[in-house]
Amino acid sequence: MRTTINQIREMKQNGEKIVMLTAYDYTTAKLVDRVGVPLILVGDSLGMVVLGYENTIPVTMEVMLHHTRAVVRGTEQALVVGDMPFMTYHVTVEDALRNAARFIQEGGCQAVKLEGGVTVAEKARRIVECGIPVMGHIGLTPQSINQFGGHRAQGKTPEAAVRILEDAKALEQAGVFSIVLETVPAPLAGLITQKVSVPTIGIGAGPQCDGQVQVINDLLGSFTDFVPRHAKQYARLADIITGAVTEYYNEVRAGDFPTKKQSIAMDESILAGLATK
Ligand code: KIV
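From a predicted model like this one, the values you see are computed outputs, not experimental measurements. (Residues numbered from 1 in each chain as written. Predicted model: local features only at pLDDT ≥ 70, side-chain atom pairs only at ≥ 80, totals over all residues. Heavy atoms only, no water.)

**Some words on the sheet that holds strand 8 (residues 211-214)**
Counted only if it meets this: Here the rule is simple: two strands pair whenever DSSP picks up at least two bridges between them. The numbering of helices and of strands both runs from the N terminus, where a helix is a DSSP run of H or I of at least 4 residues and a strand a run of E of at least 2. Each axis is a line fitted through C-alpha atoms, taken for helices only over the stretch in contact, and angles between the N-to-C directions span 0 to 180 degrees.
Ordered in space as 1-2-3-4-5-6-7-8, the 8 strands form a closed barrel in which the pairing is parallel. Along the sheet, successive strands turn relative to each other by an average axial angle of 25°, direction set aside. Pairing between strand 7 (residues 200-203) and strand 8: 2 bridges, direction parallel. Residue pairing across strands places Gly202 opposite Gln212, the latter belonging to strand 8.

Written out as structure tokens, the structure reads:
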């Protein structure tokens with residue numbers, strides 16, 4: 001049985017920390033799912049950590065659906081959230097509904113995430129009314145990176161902090177089942193967590209959020225372009241991969257791979273028969 005949005009809501013009520021991680025492919029999603037992580041986000045961060053773009057803006061619906069399907073195939077118990085890409089929910093409510101529906105129908109996930117607060121609340125409300133669970137995302141919203149002038153912490157001035165609180169309340173009113181708070185001061189995230197009834201999931205937002213989300217490549221230490229300040233590397237996969245590939249490279253060059261163990265044997269008489277052909 002997959003985790004439901006009601007179970008995620010109950011986790012806040014019970015004071016149980018909510019664990020969320022990104023995944024972008026079948027193999028990784030399967031491993032994450034087996035640990036029991038209840039929320040898996042197919043984040044548009046894949047644009048950077050999987051596809052090598054500078055930011056998330058070039059990511060399209062087709063790319064997101066392709067990866068969402070792979071993650072859904074790899075999971076049994078997690079609630080899979082598809083991240084709506086840049087400008088797929090901004091222009092009209094119709095656009096937002098159609099694209100959210102594609103995530104559920106074609107991607108097979110159980111919820112969608114969209115960035116923004118007050119400005120997207122109406123779209124979030126309509127998507128929820130159509131039966132599609134929505135996760136909000138406020139604070140540092142990477143799709144607005146050009147507006148922010150970089151990956152900068154948000155909510156540091158009194159006015160900016162009030163705006164983020166208002167964004168959280170607007171999303172709560174719209175009926176979202178949870179809200180990602182990205183790169184905002186920890187005390188502000190703590191206050192928002194107290195003031196809204198829906199679970200808050202932090203990334204770079206301190207320990208007082210109801211849950212935490214990380215980009216899996218940051219957590220595994222496989223993405224080496226930069227390590228965000230909020231990330232903790234629980235492994236150094238980049239070193240492990242480099243070591244393994246170097247060993248393979250050296251063995252092939254030296255003729256040490258493959259050995260008999262990795263090769264297919266053949267009856268000597270068949271081979272002898274072939275020699276006379
Ligand atoms: O795209 C993503 O991975 C995200 C998380 C960082 C919340 O939006």
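**Side note on the pattern of salt bridges**
Spelled out, the test is: One speaks of a salt bridge when a side-chain nitrogen belonging to Lys or Arg is within 4 Å of a carboxyl oxygen belonging to Asp or Glu. Each residue's exposure class comes from its accessible area (1.4 Å probe, protein chains only) as a fraction of the maximum for that residue type: buried when under 20%, exposed when over 50%, partly exposed otherwise.
Counting across every chain of the model gives 8 salt bridges. For Arg125, the salt bridge identified is with Glu122, shortest N-O distance 2.7 Å. Placement of the pair is Arg125 and Glu122 together in helix 6 (residues 121-129), with a separation of 3 residues, close to one helical turn. Exposure remark for Arg125: the relative accessible area of 30% places this residue in the partly exposed category. Classification of Glu122 by relative accessible area gives partly exposed; the value is 40%. The salt bridge partner of Glu129 is Arg126, with a shortest N-O separation of 3.0 Å. Taken together, the residues span about one helical turn, with Glu129 and Arg126 both in helix 6 at a distance of 3 residues.

**With respect to the pairing of strand 3 (residues 79-83)**
Of all 5 residues that make up strand 3, 5 are buried, and the element is covered over most of its length. Along strand 3, one buried face is formed by Leu79, Val81 and Asp83 and the opposite face, lined by Val80 and Gly82, is buried too. Sheet topology places strand 2 (residues 39-42) next to strand 3; 4 bridges connect them, and they run parallel. By the bridge assignment, Val42 is partnered in strand 3 with Gly82. Inspection of the sheet shows strand 3 paired to strand 4 (residues 111-115) by 3 bridges, in the parallel sense. Residue pairing for strand 4: Gly82 is matched across the bridge by Val112.

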